[in-house]
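Descriptive analysis of the structure
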Amino acid sequence: MRTLNFVVIVLLICSIKIPFINGAKILGFLVTLSRSHLVVEEPIMRELARRGHEVTVLSAYEPSEPPIDNYRYIAIPEFLDHPAFDDFRENALKNANKNNANMAGILKLIQPLMSQTVATLKHPKVLELKKESFDLLIVGWFFNEFTLGLSGHFHCPSVVIFPNVNNYLMRKFAGSPNSVSTVPAPFVSSKTPMTFLQRLANFFVALMEPVMLETVDYIYNRPMYNEAFPPDVYPTFDEVVKNVSLVLLSQHFSERPAEALVPGMIEVAGMHIKKEPSPLPTEIKELLDNAHDGAIFMSLGSNVRSADLSDEKLSIFINKFKSMKQKVVWKFETDLPNKPDNVFVSKWLPQNDILAHPNVKVFISHCGKGGVTEAKYHGVPVLGIPLFAEQLGNIDVLVAEEWALKIPFGNLNKTIFSKSLDEIIVNPKYRQRAQKLSALYRDRPEHPLDKAAFWIEYVIRHNGAKHMQSSAVHLNIFQYYMVDVVAFIFVVLVVGVKIFAFICKKLKAKIFGVNKVKTS
């Protein structure tokens, strides 16, 4: 009887259809100028390795995490050896808050950035990898669509990770609609519903964004794709762009207006945030544990160094910090002259783990997407000093949500900084609001890292999951916006009106012509 029961149980277990996936070979192309992008993108690669997949990651930076099983990390630091990159970092402070200058600077950066990426594709380490086989390509996007040619080389599906909110190219990859009337573009508005003038501005941004990004594609991406992946050997640029199976976005509907997304576009904001913070280095832990009056954390991110601030700007921070009873942890890349006793500096700091400490009362930040996400997750108010690009829009959203204050870099002086910092520390409304938004942000059925891993494995299980892809991917811009249909209807109407007018004219001539003859 026991034997029979055992057999029945085994048969029942075997009859249950449990999704199963053998370990896949996954290549992650995460070669980027910005280390902050890598911080957001790499955790999902390590998670896939922990799930039994054989993962290889290409990066411009040396590894910052200890090695794990099934995980091969290949650093190509030569990628960063271009004077334009250093110029960009140096000019970021000079041009802070000057949108036109920074946009020009970003566009000026695109060409050397792409050239370096093409050179990376020809690097000996990459050429060796191209002799292997991979089941999936994952690309961290930053003006590098042509690297999707690797999916053509390996004959595998591809996934794009974008460490920011939705834009035209991500929608193009996934065939997702643009909610122009309800979702504000960066710099247009931080509140909804938008006013008429804001919707008007949003409309023109929606027109200009594809013009700019498609121009970049035709001027840079396509020629560089053809250089790296000759058309007589590989699929065309359009074919590999239409081969994207999944787009992972660093956004969540709780932090921005809800928008319509197709199944191949998944919100995974916060996937780089650890489920449990790692233990802090001893010195930092002791400092924060003993910060009985609270602590301040300051970082200007990975692209701009606090050490590059002018003496005048540095004195604003130093003089204020030394007058405070709070402890200060400051990401500072060199030795800090005249460092106050209550200030701890280091060229590298575990940002997420520091923000998770309960004694951290405020985060002085440039408002990059990764840092803003971590601050919201841990419910820490932000004093924002945005410098360029999306940082300007990020802080406006935080201010509108009422858990942050903004100081434009050009307006930064000792009076404004002191009053703003005191206000955000003393007034409890900022922390209360941040804690409320944190609870809302965390309230999800699963951690975003698990969500991202599920959908990547879904793509692998179903050989690219083409059934999930929107048919809009295969339409050009004129077809998608029904320009051809509207033009056809317009032509038919015009021709119809002309034919009708012609018939009326003939009938009139015939009728009145006959009457005229009879009268005579």
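Residues numbered from 1 in each chain as written. Predicted model: local features only at pLDDT ≥ 70, side-chain atom pairs only at ≥ 80, totals over all residues. Heavy atoms only, no water.

1. With respect to the overall build of the protein
Note the threshold: We count a stretch as a helix when DSSP gives it H or I for four or more residues in a row; a strand needs E for two or more, and each element gets its number in order from the N terminus. Relative accessibility under 20% of the residue-type maximum defines a buried residue, over 50% an exposed one, and the middle range a partly exposed one, all with a 1.4 Å probe and only protein chains included. Any two residues whose heavy atoms approach within 4.5 Å at even a single point are treated as in contact. Here, Shrake-Rupley sampling with a 1.4 Å probe gives the accessible areas, and only protein chains in the shown set may cover a residue. Positive charges come from Lys and Arg alone, negative charges from Asp and Glu alone, with His and the N- and C-terminal ends not counted. A single reference atom marks each charge: NZ on Lys, CZ on Arg, CG on Asp, CD on Glu.
The helix and strand inventory of the protein stands at 19 helices and 13 strands. Taking the principal axes of its C-alpha atoms as reference, the protein extends roughly 115 × 80 × 55 Å. Evaluated residue by residue, the protein yields a buried proportion of 50% over its 520 residues. Considering only contacts within the protein whose residues lie at least 6 apart along the sequence, 66% involve residues at least 24 apart. Surface exposure of the protein reaches about 26000 Å², of which carbon and sulfur atoms provide 60%. Each charge class in the protein can be summarised by its mean position, and for the 57 positive and 50 negative side chains these summaries are 10 Å apart.

2. Considering the pairing of strand S8 (residues 295-299)
Within a regular strand, the side chains alternate between the two sheet faces. Applied cut-off: Strands pair, by our definition, only if DSSP identifies at least two bridges between them. Handedness of a crossover is defined as follows: orient the strands so they point away from the viewer, and if the path from the first strand over the helix to the second runs clockwise, the crossover is right-handed.
Counted residue by residue, S8 has five buried out of five residues, so it is predominantly covered. The side-chain alternation of S8 yields two buried faces, one formed by Ala295, Phe297 and Ser299 and the other by Ile296 and Met298. Judged from the four bridges that link them, S8 and strand S9 (residues 327-331) form a sheet pairing that is parallel. Within the sheet, the bridge partner assigned to isoleucine 296 lies in S9 and is valine 328. The handedness of the S8 to S9 crossover, carried by helix H11 (residues 311-322), is right-handed. In this sheet, strand S11 (residues 360-365) lies alongside S8 in parallel orientation, the contact comprising five bridges. Bridge pairing links methionine 298 to isoleucine 364 in S11.

3. Quick word on the sheet that holds S11
What counts is decided by this rule: The axes are straight lines fitted to the C-alpha atoms, using for helices just the contacting stretch, and the angles between their N-to-C directions are given from 0 to 180°.
One open sheet holds the six strands; their spatial order is S10-S9-S8-S11-S12-S13, and the pairing between them is parallel. Edge positions in the open sheet fall to strand S10 (343-346) and strand S13 (404-406), since each of these has one partner strand only. Sheet twist, expressed as the mean angle between neighbouring strand axes with direction ignored, is 15 degrees. Strands in contact with H11 are S8, S9, S10 and S11; relative to S9, the strand with the most contacts, it is inclined by about 155 degrees.

4. Some points on the pattern of salt bridges
Using the following cut-off: By definition, a salt bridge exists where a carboxyl oxygen of Asp or Glu is found within 4 Å of a side-chain nitrogen of Lys or Arg.
Scanning the entire structure with this criterion turns up 23 salt bridges. One salt bridge in this structure joins lysine 320 and aspartate 422, with 2.9 Å as the shortest N-O distance. In this pair, lysine 320 is assigned in helix H11 and aspartate 422 in helix H15 (residues 414-426), connecting sequence segments 102 residues apart. Aspartate 422 sits in the partly exposed class, given a relative accessible area of 32%. A cluster of three or more residues bridged by salt bridges with shared partners is formed by Glu47, Arg50, Arg51, Lys275, Asp450 and Glu457.

5. Re a nonpolar patch on the surface
Our working rule: What makes a patch is a set of residues exposed beyond 30% relative accessible area and free of salt bridges, joined within 9 Å when like-charged and within 5 Å when nonpolar (Val, Leu, Ile, Met, Phe, Trp, Tyr).
Taken together, the side chains of Phe490, Val491, Val494, Val495, Ile499, Phe502, Ile503, Leu507, Ile511 and Phe512 make up a nonpolar region of the molecular surface, amounting to roughly 960 Å² of accessible area. As for its placement among the helices and strands, phenylalanine 502 is situated in helix H19 (residues 483-519). For phenylalanine 502, a relative accessible area of 48% puts it in the partly exposed group.

6. A closer look at the packing of H11 against H15
Threshold: Any angle between 65 and 115 degrees counts as roughly perpendicular, while under 35 counts as roughly parallel, over 145 as roughly antiparallel, and the rest as oblique. Put simply, a crossing is left-handed when the front helix is turned counterclockwise from the back one by less than a right angle, and right-handed when it is turned clockwise. When residues are grouped by polarity, Ala, Val, Leu, Ile, Met, Phe, Trp, Tyr, Cys and Pro land in nonpolar, Asp, Glu, Lys and Arg in charged, and all others, Gly among them, in polar.
The geometry of H11 relative to H15 is characterised by a closest axis approach of 10 Å and an angle of 45 degrees between their N-to-C directions. When the interaxial angle is binned, H11 and H15 end up oblique. As for the relative orientation of H11 and H15, their crossing is right-handed in sense. Here Ile316, Phe317, Lys320 and Phe321 of H11 come into contact with H15, specifically with Lys414, Phe417, Ser418, Leu421 and Asp422. Residues that form the contact of H11 with H15 fall into these classes: five nonpolar, one polar and three charged.

7. Here we look at the nonpolar core
Quick note on the threshold: What makes a nonpolar core is a set of buried Ala, Val, Leu, Ile, Met, Phe, Trp, Tyr and Cys residues whose side-chain atoms join them at distances within 4.5 Å.
One finds Ile44, Met170, Phe321, Trp330, Phe417, Leu421 and Ile456 to be the most contacted residues of the largest nonpolar core, which totals 115 residues. For this core, the element with the highest residue contribution is helix H17 (residues 448-461), accounting for seven residues. Discounting residues that sit within four places of it in the chain, tryptophan 330 has contacts with Met298, Ser306, Leu314, Phe317, Ile318, Phe321, Leu336, Val343, Phe344, Val345, Ser346 and Leu349. One finds Leu287, Val329, Ala404 and Leu437 within the second-largest nonpolar core, a separate group that totals 25 residues.

8. Topic: unusual backbone geometry
Positive phi outside glycine occurs at asparagine 338, with the angle close to 55 degrees. Along the chain, asparagine 338 turns up in the loop between S9 and S10. A positive phi is found at cysteine 367, a non-glycine position, where the angle reads about 70 degrees. Along the chain, cysteine 367 falls in the loop between S11 and helix H13 (369-378).

9. Observations regarding the pairing of strand S2 (residues 54-59)
A large share of S2 lies buried, amounting to five of its six residues. Sheet analysis places strand S1 (residues 25-30) next to S2, joined by six bridges and oriented parallel. Each residue of the ladder has a partner; that of leucine 30, found in S2, is serine 59. Bridging between S2 and strand S3 (residues 71-75) involves five bridges; their strand directions are parallel. Residue pairing across strands places valine 57 opposite tyrosine 73, the latter belonging to S3.

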